[in-house]
Amino acid sequence: MILIVDSGATKADWTALNSKGEKVFFTQTLGLNPEVLTEEILVERITTNYQLFENRNSVSEIYFYGAGCGTERIRYFVERSLATIFKNAKIDVKEDTYAAVFATTNPSEKAIVCILGTGSNCSFWNGKDLYQAVDSLGYILMDESSGNYYGKRLIIDYFFKKMPADLVQKFESQYELSSDVIKNHLYKMPNPNSYLATFAKFVVENKNHEYCRAMVRKGMQLFVDHWISQYEERYEVPINFVGSIAFFLQDILEEVLAENKLKLGTVLRKPIDGLVAFHVNKYFR
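What counts, and where the lines are drawn
Residues numbered from 1 in each chain as written. Predicted model: local features only at pLDDT ≥ 70, side-chain atom pairs only at ≥ 80, totals over all residues. Heavy atoms only, no water. Helix = DSSP H or I, 4+ residues; strand = E, 2+ residues; numbered from the N terminus. Buried < 20%, exposed > 50% of the residue type's maximum accessible area, 1.4 Å probe, protein only. Contact = heavy atoms within 4.5 Å. Areas by Shrake-Rupley, 256 points an atom, 1.4 Å probe, with all protein chains shown as cover. Lys, Arg positive; Asp, Glu negative; His and termini not counted. Charge placed at Lys NZ, Arg CZ, Asp CG, Glu CD. Core = buried A, V, L, I, M, F, W, Y, C linked by side-chain atoms within 4.5 Å. Salt bridge = Lys/Arg side-chain N within 4 Å of Asp/Glu carboxyl O. Patch = residues over 30% accessible without salt bridge, like charges linked within 9 Å, V, L, I, M, F, W, Y side chains within 5 Å. Pairing = 2+ DSSP bridges. Axes fitted to C-alpha atoms, helices over the stretch in contact; angles between N-to-C directions. Polar contact = N/O pair within 3.5 Å; in protein donor to acceptor, adjacent residues only side chain to side chain. Phe/Tyr/Trp six-rings, centres within 6.5 Å; stacked < 30°, edge-to-face > 60°. Disulfide = S-S within 2.5 Å.

Focus: the overall build of the protein chain
Each helix and strand in the protein chain was counted, giving 14 helices and 10 strands. Summarising its shape, the C-alpha atoms of the protein chain cover approximately 55 × 45 × 30 Å along the three principal directions. Taken across its 285 residues, the protein chain has 51% of its residues classed as buried. Within the protein chain, residue pairs in contact and separated by at least 24 positions form 67% of the contacts whose partners lie at least 6 positions apart. When the accessible surface of the protein chain is split by element, carbon and sulfur atoms take 50% of a total near 14,000 Å². In the protein chain, 32 positive and 35 negative side-chain charges are present, and the distance between their average locations comes to 1 Å.

Here is the structure:
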């Protein structure tokens, strides 16, 4: 059995294939970002999934694409953690940008490939190799235009009373906004980035409100200025995206890119189906 995994900070999608490349099952776990989780929690999130635990000894190969897996140290950490569960498997760990590339881009095509989900990232695919101009420093210092970026902006504006009055009551009705609850999630519980990203749903639901639309446009322009502008090829190649922020706010994303004379390419909410198709085409046909 072969497992193909696309793991973001919030959720991880797992697809199992048999030796003929046919789908056996699909399942989900909570996100497995190794930058914010201990090995104990990472292993627990996998082993509490019935299908993964029951089939653990039948897995021969794992292709794991994960948020936070951009360094050799972290890739080894994830590989070691997976190996404690799937003892008979050969394990290949790559950062999640490769999943975005394989899901959105033809093998020989050049493209800038971006992630706008719980977190954000951006790389250039030259048709053969992946090049990232800037190392991501994660949700505290970077992650412009991501779910956790917009979550931070909303919370800050709410507490400093900068949120428009007609949105305040709606915001209060959807979220627990006591300072104790927020600080507990941010400083004592796992996955503070995923917690912040839960607030981004409010931006999506109210994207036509002047306040939310301006916030989204500002975040996307920052993403262009900080990330996409690193690549000289940006005016010549499509710019592909995966992630819920890009998918649900695609109309604003297209506007911002057009204003910067950039071409929007493929936009996918989740890369798992395209990622599975890539592996089937590569290894079974």
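Some remarks on the nonpolar core
Of all hydrophobic cores here, the largest spans 47 residues; its most connected members are Ile112, Tyr150, Leu154, Phe171, Ile228 and Phe241. Here this core gets 7 residues from one element, more than from any other, and that element is helix H11 (residues 210–226). When sequence neighbours within four positions are dropped, the list of residues in contact with Phe241 reads Thr104, Cys114, Leu116, Phe223, Ile228, Ala246, Leu253, Leu257, Leu264, Thr266, Val267 and Leu268. Counting 24 residues, the second-largest nonpolar core is a separate cluster that includes Val43, Cys69, Ile85 and Ile91.

A look at the side chain of Asp6
Topologically, Asp6 is positioned in strand S1 (residues 2–7). Apart from residues no more than four positions distant in its own chain, Asp6 is found in contact with Lys11, Ala12, Asp13, Tyr65, Ala99, Pro271, Ile272 and Leu275.

A few points about the pattern of salt bridges
Between side chains of opposite charge, a pair can form as their charged atoms come close. Applying the stated rule across the entire model yields 10 salt bridges. Glu205 is the partner of Lys201 in a salt bridge, and the nearest nitrogen-oxygen pair spans 3.8 Å. Pair noted here: Lys201 and Glu205 are both in helix H10 (residues 200–205), with a separation of 4 residues, about one helical turn. Of the residues examined, Lys201 reaches a relative accessible area of 52% and is grouped as exposed. Overlapping salt bridges, with partners in common, bring together Lys207, Arg213, Arg217, Asp251, Glu255 and Glu259 in one network.

Focus on a nonpolar patch on the surface
A surface patch of nonpolar side chains, about 350 Å² in accessible area, is lined by Leu137, Ile140 and Leu141. Position of Ile140 among the secondary structure elements: in helix H5 (residues 138–141). What makes Ile140 exposed here is its relative accessible area of 61%.

What to know about the sheet that holds strand S8 (residues 130–131)
Strand order in the open sheet formed by 5 strands is S8-S7-S6-S9-S10, and the pairing between neighbours is mixed. Each edge of the sheet is formed by a strand with only one pairing partner; in this case those strands are S8 and strand S10 (264–268). In the sheet, strand S6 (residues 111–116) pairs with strand S9 (residues 239–242) via 4 bridges, with the strands oriented parallel. Each residue of the ladder has a partner; that of Val113, found in S9, is Asn240. Most of the contacts of helix H4 (residues 96–104) go to S6, to which it runs at about 120°, and overall it touches S6, strand S7 (120–125), S8, S9 and S10.

Regarding the environment of Ile46
Of note, Ile46 is situated in helix H1 (residues 39–47). Considered as a pair, Ile46 and Arg56 are 10 residues apart in the sequence and their alpha carbons are 10.0 Å apart. When sequence neighbours within four positions are dropped, the list of residues in contact with Ile46 reads Trp14, Leu32, Leu52, Leu82, Ile85 and Phe86.

Some thoughts on the side chain of Asn191
Tracing the backbone through its elements, the reader meets Asn191 in the loop between helix H8 (179–187) and helix H9 (192–197). Looking at Asn191, the relative accessible area reads 6%, which means it is buried. Side-chain polar atoms of Asn191 contact the side chain of Arg45, separated by 3.1 Å. Setting aside chain neighbours within four positions, we find Asn191 in contact with Ala9, Val36, Leu37 and Arg45.

A look at the packing of aromatic side chains
Taken as a whole and judged by the stated rule, the model has 18 aromatic pairs. Here Tyr149 and Tyr150 contribute two aromatic rings whose centre-to-centre distance is 5.0 Å and whose plane-to-plane angle is 80°, an arrangement assigned as edge-to-face. Using a relative accessible area of 0% as the deciding quantity, one classes Tyr150 as buried. With 5.2 Å between their ring centres and 85° between their planes, Phe247 and Phe248 make a pair best called edge-to-face.

Describing the state of the cysteines
This model, assessed by the stated rule, comprises 0 disulfides. Left without a disulfide partner, Cys69 is nearest to the cysteine sulfur of Cys122, which lies 18 Å away.

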